[in-house]
Amino acid sequence: MTVLTKALDGFVAETALVLGSGLGSLVDRIKKPQRFSYEDLDGFPASGVSGHAGELIAGRISGHNVIVLSGRAHYYEHGDAAAMRAPLEALKAAGVKRLILTNSAGSVNKKLAPGSVMQIKDHINFSGTNPLFGEPTDDRFVGMTTAYDKPMRKVFRRVAADNNIEIHRGVYMWFSGPSFETPAEIKMAKRMGADAVGMSTVPEVILARFLDLEVAAFSVITNFGAGITGDELSHTETKEMAPKGGEVLGKLIESTMKEGFDVS
Ligand code: HPA
């Protein structure tokens, strides 16, 4: 077991990326990769979800240093919403200032078809839990008004437009999982203002804001939510559909890293 900063041996990165289910191919875009198994890193979760690798890769995308987490711990694995706290603290210690989170999600918006990419502009925490339960300091009262960094959102949208990359914008609703939603829950999600539903990301966004990291997040839509088409949902479908949107997202991230995150 090693502390991340020690394992990285002087490598620092301002940007970190968390890859969701089936989005591991983004790793192929990393140049000069140094790979570390989560098993060897202090505080990193043993990832028990198929489609999630459990590996940290330090390298370069478009000439800029980046740290990529391929695989994350989910609340539904052990009922611990703060399972990603130690990895995010380790990233912060490695110099990370901005965190780009990705996930696979179900769509509750007819305009968001499977294969499309949604930039998350806000979220609804429908899980009833919070990764900051038990945090004793007043820092736990994290403001969430601008949780999804506006300047970064703008940069991504500009780069998408300049490069003919289609991205949508919407609200992500966090369900605990691991069972998928019911058709009634999907109807409710839509009425409550969600565009997509999923089982991750929100706890990391809360933790990242707690740690004062700037956050951007994207959903790759792998299916319509339960009851919309009548088809049964499965994790196999998630893994099969994710790479298509993952390709779009990979291009967007690569192009944005190339242009940089300056707003001007
Ligand atoms: N619901 C929740 N999580 C998901 C879905 C879904 O329909 N698709 C991929 N992840």
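Shown above is the structure to which this text applies.
This section reports on the structure supplied with the text. From a predicted model like this one, the values you see are computed outputs, not experimental measurements. (Residues numbered from 1 in each chain as written. Predicted model: local features only at pLDDT ≥ 70, side-chain atom pairs only at ≥ 80, totals over all residues. Heavy atoms only, no water.)

### Here's the deal with the site of the ligand
Phase 1 of the analysis: As a structural note, the neighbourhood of the ligand is formed by Ser104, Ala105, Gly106, Phe180, Glu181, Val197, Gly198, Met199, Thr222, Asn223, Leu233 and Thr238.
Phase 2 of the analysis: A distance of 3.4 Å is found between a nitrogen atom of the ligand and a backbone nitrogen or oxygen belonging to glycine 106.
Phase 3 of the analysis: Threonine 222 has a polar side-chain atom sitting 3.5 Å from a nitrogen atom of the ligand.
Phase 4 of the analysis: Protein chains bury 96% of the 260 Å² of accessible surface belonging to the ligand in isolation.
Phase 5 of the analysis: Breaking the shell around the ligand down by element, the ones donating at least two residues are β5 (98–107), β8 (196–198) and β9 (214–224).
Phase 6 of the analysis: Per element, the largest residue contribution to the shell around the ligand is three residues, and it comes from β5.
Phase 7 of the analysis: A breakdown of the residues in the shell around the ligand according to their chemical character gives five nonpolar, six polar and one charged. (Near = heavy atom within 4 Å. Polar contact = N/O pair within 3.5 Å; in protein donor to acceptor, adjacent residues only side chain to side chain. Areas by Shrake-Rupley, 256 points an atom, 1.4 Å probe, with all protein chains shown as cover. Helix = DSSP H or I, 4+ residues; strand = E, 2+ residues; numbered from the N terminus. Nonpolar A, V, L, I, M, F, W, Y, C, P; charged D, E, K, R; others polar.)

### Things to note about the pattern of salt bridges
Phase 1 of the analysis: According to the stated counting rule, one finds eight salt bridges in the structure shown.
Phase 2 of the analysis: Here glutamate 55 ties to arginine 35 by a salt bridge, and the two come within 2.9 Å at their closest N and O atoms. Taken together, the residues span a long stretch of sequence, with glutamate 55 in strand β3 (residues 55–61) and arginine 35 in strand β2 (residues 31–37) at a distance of 20 residues.
Phase 3 of the analysis: Exposure remark for arginine 35: the relative accessible area of 48% places this residue in the partly exposed category.
Phase 4 of the analysis: Among the ionic pairs, arginine 158 bridges to glutamate 259, the shortest N-O distance being 3.9 Å. One end of the pair, arginine 158, is in helix α4 (residues 150–162); the other, glutamate 259, is in helix α7 (residues 235–259), and 101 residues separate them in sequence.
Phase 5 of the analysis: Given a relative accessible area of 44%, glutamate 259 falls into the partly exposed group. (Salt bridge = Lys/Arg side-chain N within 4 Å of Asp/Glu carboxyl O. Buried < 20%, exposed > 50% of the residue type's maximum accessible area, 1.4 Å probe, protein only.)

### Concerning the pairing of strand β4 (residues 64–70)
The two faces of a sheet get side chains in turn, since along a regular strand they alternate between them.
Phase 1 of the analysis: For β4, a buried count of five out of seven residues is recorded, marking the element as mostly surrounded by other parts of the structure.
Phase 2 of the analysis: Note: strand β1 (residues 15–19) against β4, five bridges, orientation parallel. Opposite valine 18, over in β4, you have leucine 69 as the bridge partner.
Phase 3 of the analysis: Where β3 meets β4, seven bridges bridge the pair, whose relative direction is antiparallel. The residue bridging alanine 58 from the neighbouring strand is isoleucine 67, located in β4. (Pairing = 2+ DSSP bridges.)

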